[in-house]
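If you want the building blocks of each chain, they are given just below.
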Amino acid sequence: MFSFLIKKRFKKMLIIKLIDYYIYPVKNQIKKIALLTSGGDAPGMNASIRSVVRACVFHNIVPVGVYKGYDGLIKGRFEEMNARSVKGIINKGGTILKTARSEKFKLKTGRDEAYNSIKKNNIDGLIVIGGDGTFTGGLIFSEENNFPVIGIPATIDNDIFGTSHTIGFDSATNTVMNAIDKIRDTASSHNRLFFVEVMGRDAGHIALNTGVAGGAEEILIPEENLGLDRLIQSLKRSEKTGKSSSIVVVAEGDKTGENVFHLKEYVEKHLSDYDARVAVLGHMQRGGTPTCFDRVLASRLGVSAVESMISKKDGNMVGLQNNKVVLTPLKKAVKGVTKINKELLKVSDIMSI
């Protein structure tokens, strides 16, 4: 029995080596891959770090963690990692590699310093984990230095072209939904109207999804300026049908009013029967334990990023479409515009009667 297990294990190792040899023939050209997280943190970033590191180790590549994003790239804040470096982090929010915005990296002189740091440490490729700003920096750096870069989309806003889901979006929407459920308890107890502001400066994906899931009477997003008159009419209709409390979910980038507090004042001025309150959820949406979906997504994209780098498919972002991992050129990912789900808008209108 023991002899059989040894033979079975040896056969499995042989198959893996053959796959490496025939499918990844350029593997030996990639000795070290650096990875960094940049921009706003998102639940699941640690899971993606873990996936990249362990995929590198699996393929006999040295993973190098870069601390504090592009600023760390400039300053050479590198640390070689191994499979044990990322133990116990798949369930943690935030990013163990930290994140920071770098004004210096926006300058050619700063990017030159970053490139010198990379060459000094014999790094052959760079995987960047973040959103639009992260990819923009990675794309410019890649084009200027003819250096392999691959992007992994991680942002709670879900506003990256080329993927149906970004890492962190599912976790953030679940956090918001739970908060709305709790706010509704208070709203119904006091017969109050609550304006709940969620993140989404340029995109309303969080607001739209959580508004539908949380049973909101109205959802205000940047993509659809519904106007103050419609909001008033909607609240009047709700009141006439017997609703004693209401929830309005507002994306921070919505243009219906000057801001969420202006909306509150406007409603109180025109609907004196309403006792309105504002709840700004803020950065709590970024933190917390990533959901199962985000952990699986991060694991899939991390492996794909490493194997795409090995196969010389750099210059792309790994993403998810129709539940399949696909590649989108970084240039398209940066310049493309995500579209709001019109079906959800229709569902929201029907559900709010």
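Source: prediction; values computed, not measured. (Residues numbered from 1 in each chain as written. Predicted model: local features only at pLDDT ≥ 70, side-chain atom pairs only at ≥ 80, totals over all residues. Heavy atoms only, no water.)

### Some points on the overall build of the protein chain
And then number 1: The helix and strand tally for the protein chain stands at twelve helices and eleven strands.
And then number 2: Seen along its three principal axes, the alpha-carbon backbone of the protein chain occupies a region of about 75 × 60 × 30 Å.
And then number 3: Burial statistics for the protein chain: of 353 residues in total, 49% are counted as buried.
And then number 4: Counted over contacts in the protein chain with a minimum sequence separation of 6, partners at least 24 positions apart contribute 75%.
And then number 5: Counting every atom, the protein chain has about 17100 Å² of accessible surface; 53% of that belongs to carbon and sulfur.
And then number 6: When the 50 basic and 37 acidic side-chain charges of the protein chain are each reduced to a single mean position, those positions are 11 Å apart. (Helix = DSSP H or I, 4+ residues; strand = E, 2+ residues; numbered from the N terminus. Buried < 20%, exposed > 50% of the residue type's maximum accessible area, 1.4 Å probe, protein only. Contact = heavy atoms within 4.5 Å. Areas by Shrake-Rupley, 256 points an atom, 1.4 Å probe, with all protein chains shown as cover. Lys, Arg positive; Asp, Glu negative; His and termini not counted. Charge placed at Lys NZ, Arg CZ, Asp CG, Glu CD.)

### Some thoughts on the packing of aromatic side chains
Given two aromatic rings, one states the distance between the centres and the angle between the planes to describe the pair.
And then number 1: With the rule as written, the count across this model stands at five aromatic pairs.
And then number 2: Measuring from ring centre to ring centre gives 4.1 Å for Y70 and F105, while their planes differ by 10°; the resulting arrangement is stacked. Of the two residues, Y70 sits in helix α3 (residues 69-75) while F105 sits in the loop between β3 (78-80) and α4 (108-120), which places them 35 residues apart along the sequence. The burial state of Y70 is the same as that of F105; both residues are buried.
And then number 3: One aromatic cluster is present, built from ring pairs that chain together Y70, F105, Y115, F141 and F147. (Phe/Tyr/Trp six-rings, centres within 6.5 Å; stacked < 30°, edge-to-face > 60°.)

### What to know about the environment of G288
And then number 1: As for its placement among the helices and strands, G288 is situated in the loop between β9 (275-280) and α10 (292-310).
And then number 2: Separated by 244 residues in the primary sequence, G288 and G44 have C-alpha atoms spaced 9.5 Å apart.
And then number 3: Ignoring any residue separated from it by four or fewer positions in sequence, one finds G288 in contact with P43 and G93.

### Side note on the confidence of the model for the protein chain
And then number 1: Scored by pLDDT, the protein chain comes out at a mean of 89, with 91% of its residues at no less than 70.
And then number 2: Low pLDDT, under 50, characterises residues 24-28; the stretch is placed with 14 contacts to residues that sit more than four places away or in other chains. (pLDDT = per-residue confidence, 0-100.)

### Here's the deal with the nonpolar core
For soluble globular proteins, nonpolar side chains are generally found buried alongside one another.
And then number 1: Core analysis: the biggest nonpolar cluster contains 57 residues, and I127, I152 and I247 have the highest contact counts within it.
And then number 2: Beyond its immediate stretch of four places on either side in the chain, I152 contacts V52, I127, V128, I129, G130, F135, I167, L301, G302, A305 and V318. (Core = buried A, V, L, I, M, F, W, Y, C linked by side-chain atoms within 4.5 Å.)

### Description of the pattern of salt bridges
And then number 1: A complete count under the given rule lists 14 salt bridges for this structure.
And then number 2: K331 is the salt-bridge partner of E143, the closest N and O atoms lying 3.4 Å from each other. Of the two residues, E143 sits in helix α5 (residues 132-145) while K331 sits in helix α11 (residues 330-335), which places them 188 residues apart along the sequence.
And then number 3: For E143, a relative accessible area of 48% translates into the label partly exposed.
And then number 4: Since its relative accessible area comes to 43%, K331 is described here as partly exposed. (Salt bridge = Lys/Arg side-chain N within 4 Å of Asp/Glu carboxyl O.)

### Topic: the environment of K324
And then number 1: Inspection of the secondary structure assignment puts K324 in strand β11 (residues 324-329).
And then number 2: Residue class for K324 comes out exposed when judged on its relative accessible area of 57%.
And then number 3: On a C-alpha basis, the gap between K324 and L235 in space is 42 Å, while along the polypeptide they are 89 residues apart.
And then number 4: For K324, the residues in contact, after removing those within four places along its chain, are R300 and G319.

### Quick word on the packing of helix α8 (residues 228-240) against helix α9 (residues 260-270)
And then number 1: It is the contact of α8 with α9, at a shortest axis distance of 11 Å, that shows an interaxial angle of 55°. It follows from the interaxial angle that α8 and α9 lie oblique. As for the relative orientation of α8 and α9, their crossing is right-handed in sense. The residues of α9 that touch α8, namely those facing L228, D229, L231, I232 and L235, are H262, L263, Y266, V267 and H270.
And then number 2: Residue composition of the contact of α8 with α9, by class: seven nonpolar, two polar and one charged. (Axes fitted to C-alpha atoms, helices over the stretch in contact; angles between N-to-C directions. Parallel < 35°, antiparallel > 145°, perpendicular 65-115°, else oblique. Left-handed = near helix turned anticlockwise from the far one by under 90°. Nonpolar A, V, L, I, M, F, W, Y, C, P; charged D, E, K, R; others polar.)

### Structural notes on the side chain of E217
And then number 1: In this fold, E217 is placed in the loop between α7 (205-213) and β7 (218-220).
And then number 2: A polar side-chain atom of E217 sits 2.6 Å from the main-chain amide nitrogen of I247. (Polar contact = N/O pair within 3.5 Å; in protein donor to acceptor, adjacent residues only side chain to side chain.)

### Considering the sheet that holds strand β6 (residues 192-198)
And then number 1: With parallel pairing, four strands are arranged side by side in an open sheet as β7-β8-β6-β9. A single partner strand is all that each edge strand has here, and the edge strands are β7 and β9. Taken pair by pair, the neighbouring strands of this sheet meet at an average axis angle of 20°, ignoring direction.
And then number 2: In terms of strand pairing, β6 meets strand β8 (residues 246-251) through six bridges, oriented parallel. Note on β8: the bridge partner recorded for L193 is S246.
And then number 3: Along the sheet, helix α6 (residues 169-190) contacts β6, β8 and β9; its crossing angle with β6, the most-contacted strand, is approximately 165°. (Pairing = 2+ DSSP bridges.)

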